[in-house]
Amino acid sequence: MKKIFVVEDDESICQELVQILEGEGYEALSLTSFEHTKDDILKAAPNLVLMDINIPGINGRNLVKEIRKESDVPIIMVTSRTSEMDEVISMSYGADDYITKPYNPTILLLRIAAVLKRMEAARTRHHTGMPR
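Below is a short write-up of the structure. (Residues numbered from 1 in each chain as written. Predicted model: local features only at pLDDT ≥ 70, side-chain atom pairs only at ≥ 80, totals over all residues. Heavy atoms only, no water.)

**A closer look at the sheet that holds strand β4 (residues 75-79)**
(1) Moving on: Ordered by their spatial adjacency, five strands build an open sheet running β2-β1-β3-β4-β5, and the pairing between neighbours is parallel. The sheet is open, and its two borders are formed by β2 (27-30) and β5 (97-100), each paired with just one other strand. The sheet shows a mean angle of 20° between the axes of neighbouring strands, taken without regard to direction.
(2) Moving on: Against the sheet, helix α2 (residues 37-44) touches β1 (3-7), β2 and β3 (48-51), its axis set at about 170° to β1. (Pairing = 2+ DSSP bridges. Helix = DSSP H or I, 4+ residues; strand = E, 2+ residues; numbered from the N terminus. Axes fitted to C-alpha atoms, helices over the stretch in contact; angles between N-to-C directions. Contact = heavy atoms within 4.5 Å.)

See below:
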């Protein structure tokens, strides 16, 4: 079962995301405290992270940058920030995708599946020595 870590400080949105993910057969984890966000994510070793930009203690874009120093876990930004600059900065810091709220749950699930599939294919090619 794929494990997805939700980094969202709005409790109702976080619960909604967890329900959507669990309904689709994923194991969904979320934070109750944002004191050690990066360490909590890395310790959980998820297959994918859904992250808001506006989180307590650290800007989500900067958190992506910090995670990228230690992990290539796929990260999808799910945020109400709709400016192109937010998207550009997030992607340049290492986010794999960017979805704005309000999101369509079906499209969100399809994007999650697509990112996971790409990562799995990349790992398979890497381990078998197949050309990229």
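**With respect to the pairing of β1**
(1) Moving on: The buried fraction of β1 amounts to four of the five residues, a majority that puts the element mostly inside the structure.
(2) Moving on: Judged from the four bridges that link them, β1 and β2 form a sheet pairing that is parallel. Following the sheet pairing, Val6 is matched in β2 by Ser30.
(3) Moving on: The parallel pair β1 and β2, bridged by helix α1 (residues 11-23), forms a crossover whose chirality is right-handed.
(4) Moving on: One ladder, built from four bridges, connects β1 with β3; its direction is parallel. From the neighbouring strand, Phe5 faces β3, where its bridge partner is Val49. (Buried < 20%, exposed > 50% of the residue type's maximum accessible area, 1.4 Å probe, protein only. Right-handed = clockwise from strand over helix to strand, strands pointing away.)

**A few points about the pairing of β5**
Sheet faces and side chains relate simply in a regular strand, where the side chains alternate between the two faces.
(1) Moving on: Across four bridges, the pairing between β4 and β5 is parallel. Paired with Ile76 across the strands is Asp97, a residue of β5.
(2) Moving on: The β-α-β motif built from β4, the intervening helix α4 (residues 84-92) and the parallel element β5 has right-handed crossover chirality.

**Here we look at the nonpolar core**
(1) Moving on: If you look at the biggest cluster of nonpolar residues, it comprises 21 residues, and the most contacted ones within it are Leu21, Leu48, Leu50, Ile76, Leu108 and Ile112.
(2) Moving on: Those elements that place two or more of their residues in this core are β1, α1, β3, β4 and α5 (105-128).
(3) Moving on: Considering each element in turn, this core owes the most residues, six residues, to α5.
(4) Moving on: Those residues in contact with Ile76 that sit more than four places away from it in its chain are Leu48, Val49, Leu50, Met51, Asp97, Ile99, Arg111, Ile112 and Val115.
(5) Moving on: Counting 18 residues, the second largest nonpolar core, distinct from the first, contains Leu31, Ala44, Val49 and Ile53. (Core = buried A, V, L, I, M, F, W, Y, C linked by side-chain atoms within 4.5 Å.)

**Looking at the pattern of salt bridges**
(1) Moving on: According to the stated counting rule, one finds nine salt bridges in the structure shown.
(2) Moving on: A salt bridge links Lys38 to Glu70; the shortest N-O distance between them is 2.6 Å. Separated by 32 residues along the polypeptide, Lys38 in helix α2 and Glu70 in the loop between α3 (60-68) and β4 bring together distant segments of the chain.
(3) Moving on: Judged by relative accessible area, which is 52%, Glu70 ranks as exposed.
(4) Moving on: Among the salt bridges present, the one from Arg111 reaches Asp97, with a minimum N-O distance of 3.0 Å. (Salt bridge = Lys/Arg side-chain N within 4 Å of Asp/Glu carboxyl O.)

**Regarding the environment of Pro105**
(1) Moving on: Counting through the fold element by element, Pro105 comes out in helix α5.
(2) Moving on: Its relative accessible area of 36% is what places Pro105 among the partly exposed residues.
(3) Moving on: C-alpha of Pro105 to C-alpha of Glu16: the two residues are 89 residues apart in sequence and 9.6 Å apart in space.

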